[in-house]
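Summary of structural features
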Amino acid sequence: MKKLLIVCIFLAGFVACKGKEPAPGPVQPAEGAKKWVVGFSQCTFEDPWRINMNREMEDEATKHPELKLIIANGENKNAKQVADVENFIVKQVDLLIISPREAAPLTPGVEKAFAAGIPVIVLDRAIQSDQFTCFIGASNLAIGEAAGKYVAEKLGGRGKIVEIEGILGATPTQERRDGFHKVIAQYPTLEVIYQQPADYKRSPAIQVMQNALSAFPRIDAVYAHNDEMAIGAYLAAKAVGREKEMILVGIDGQGEAVKMIREGLLSATFVYPNGSREAIQYGIKVLKGESIPKKIMLETVRVTKDEALDYQGF
Ligand code: FRU
């Protein structure tokens, strides 16, 4: 084995010496020259927001040839994601990035990785511990409040609201709910008449909305915790000819939702940045031994028919 390696090194040297001048441009180090392995435990690959998040992270990682990025698909199952984290610990990755499906089940794995000396960046959804290096995300509480203010303004402080929630054990769901209700509670004539989770997915949201439509003869607004569910709610309302009765608000800034806003089918969305480029940028700093803040907060933008007109979404 050793002999073979020596022969290979010799041959490689020979080829390099005899070869032409290397072409100009960025030098891509060979696989063996990659210094750092980064494991990203992504909770799911199922929806456009996650697909875009992966794409942007991969793109950012290619700017750093010394970095090898491995993305594990948690398949929207806590148990699968727990196993992915365990696998990254066994592999002794140099950095763990995680966007946890739910806070409680993923907390022990993150703590274990951190205790094993692996720096951990928690992205978008939080965990129930401070045993990690850095959290990167937007304030879902602020987004919930902004959505509450928008709905209250649009309805003139009076009306009946359906709220379609995300995955109940995920922190954005709790914060998007709390922020929204904090604002709505200031208006005695604004009422959330129906509140059900649809796990951030379109087809369960269609189901939830069908139930709401048959239970309530009048709905003035739908507040969905993401755009996929807002689109689902729109489709259910349209199927029974009631889509013009209400305003529909989502979160994420997904391209399809933005297009529907421009067409007047949905009312507003709030851009929810995925933080994946920042995760790589700050991750590199950590790997170089630089210190970084414990919390990095990203900004949201409200998109309506008249606002953020140059924003196209993903
Ligand atoms: C995608 C998603 C987004 C949402 C985020 C919350 O899986 O549901 O739509 O904004 O996760 O963590």
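Report follows, based on the coordinates.

Definitions and cut-offs
Residues numbered from 1 in each chain as written. Predicted model: local features only at pLDDT ≥ 70, side-chain atom pairs only at ≥ 80, totals over all residues. Heavy atoms only, no water. Pairing = 2+ DSSP bridges. Helix = DSSP H or I, 4+ residues; strand = E, 2+ residues; numbered from the N terminus. Axes fitted to C-alpha atoms, helices over the stretch in contact; angles between N-to-C directions. Salt bridge = Lys/Arg side-chain N within 4 Å of Asp/Glu carboxyl O. Buried < 20%, exposed > 50% of the residue type's maximum accessible area, 1.4 Å probe, protein only. 1 Å grid on protein atoms, 1.4 Å probe; cavity = no way out; pocket = protein on both sides within 12 Å on 5 of 7 lines; lining within 4 Å. Points joined across faces, edges and corners; volume = space filled by probe spheres on them. Domains from an automatic or database assignment. Near = heavy atom within 4 Å. Polar contact = N/O pair within 3.5 Å; in protein donor to acceptor, adjacent residues only side chain to side chain. Areas by Shrake-Rupley, 256 points an atom, 1.4 Å probe, with all protein chains shown as cover. Sits in = over half its atoms within 2 Å of the grid points.

A few points about the sheet that holds strand S3 (residues 95-99)
Judged by pairing direction, the sheet is parallel, and its 6 strands sit side by side in the order S2-S1-S3-S4-S5-S11 without closing on themselves. The open sheet has two edge strands, strand S2 (67-73) and strand S11 (295-298), and neither has a second partner. Direction aside, neighbouring strands of the sheet carry axes that sit 15 degrees apart on average. Relative to strand S5 (residues 134-138), strand S4 (residues 120-123) runs parallel, the two being bridged by 3 bridges.

Some details on the pattern of salt bridges
Enumeration over the complete set of coordinates arrives at 20 salt bridges. The partner of glutamate 46 in a salt bridge is lysine 201, and the shortest N-O contact between them spans 3.7 Å. Taken as a pair, glutamate 46 in the loop between strand S1 (36-42) and helix H2 (48-62) and lysine 201 in the loop between strand S7 (190-197) and helix H7 (202-215) lie far apart in primary sequence, 155 residues in all. For lysine 201, a relative accessible area of 32% corresponds to the partly exposed category. Measuring nitrogen to oxygen at the nearest pair gives 3.7 Å for the salt bridge that ties lysine 244 to glutamate 243. Exposure remark for lysine 244: the relative accessible area of 76% places this residue in the exposed category.

What about empty space enclosed by the protein?
Counted by the stated rule, this structure contains 1 cavity of 30 Å³ or more. Computed from the structure, the largest cavity encloses a volume of approximately 110 Å³. Considering the residues around the largest cavity, the lining is formed by Asp47, Trp49, Arg50, Asp124, Arg125, Pro172, Arg176, Tyr200, Asn226, Asp252 and Tyr272. Mapped by element, the contributors of at least two residues to the lining of the largest cavity are H2 and helix H6 (171-184). Mapping the lining of the largest cavity onto the domain boundaries places at least three of its residues in each of domain 1 (21-124 + 274-292) and domain 2 (140-271).

Some words on the pairing of S5
When you tally the buried positions in S5, you get 5 out of 5 residues, the bulk of the element. With burial as the criterion, each face of S5 is covered, one bearing Cys134, Ile136 and Ala138 and the other bearing Phe135 and Gly137. Both S5 and S11 contribute to a ladder of 4 bridges, which runs parallel. Within S11, the position partnered with isoleucine 136 by the bridge is isoleucine 296.

Focus on the site of the ligand
Taken together, Asp47, Trp49, Arg50, Asp124, Arg125, Pro172, Arg176, Tyr200, Asn226, Asp252 and Tyr272 make up the full set of residues adjacent to the ligand. The contact in question runs from an oxygen atom of the ligand to an N or O atom on the side chain of arginine 125, over 2.6 Å. The protein chains hide 99% of the 310 Å² of surface that the ligand would expose on its own. The pocket occupied by the ligand, as judged from atoms lying within 2 Å of grid points, is the largest cavity. Only H2 and H6 provide two or more residues apiece to the shell around the ligand.

This is a description of form; function is not addressed.
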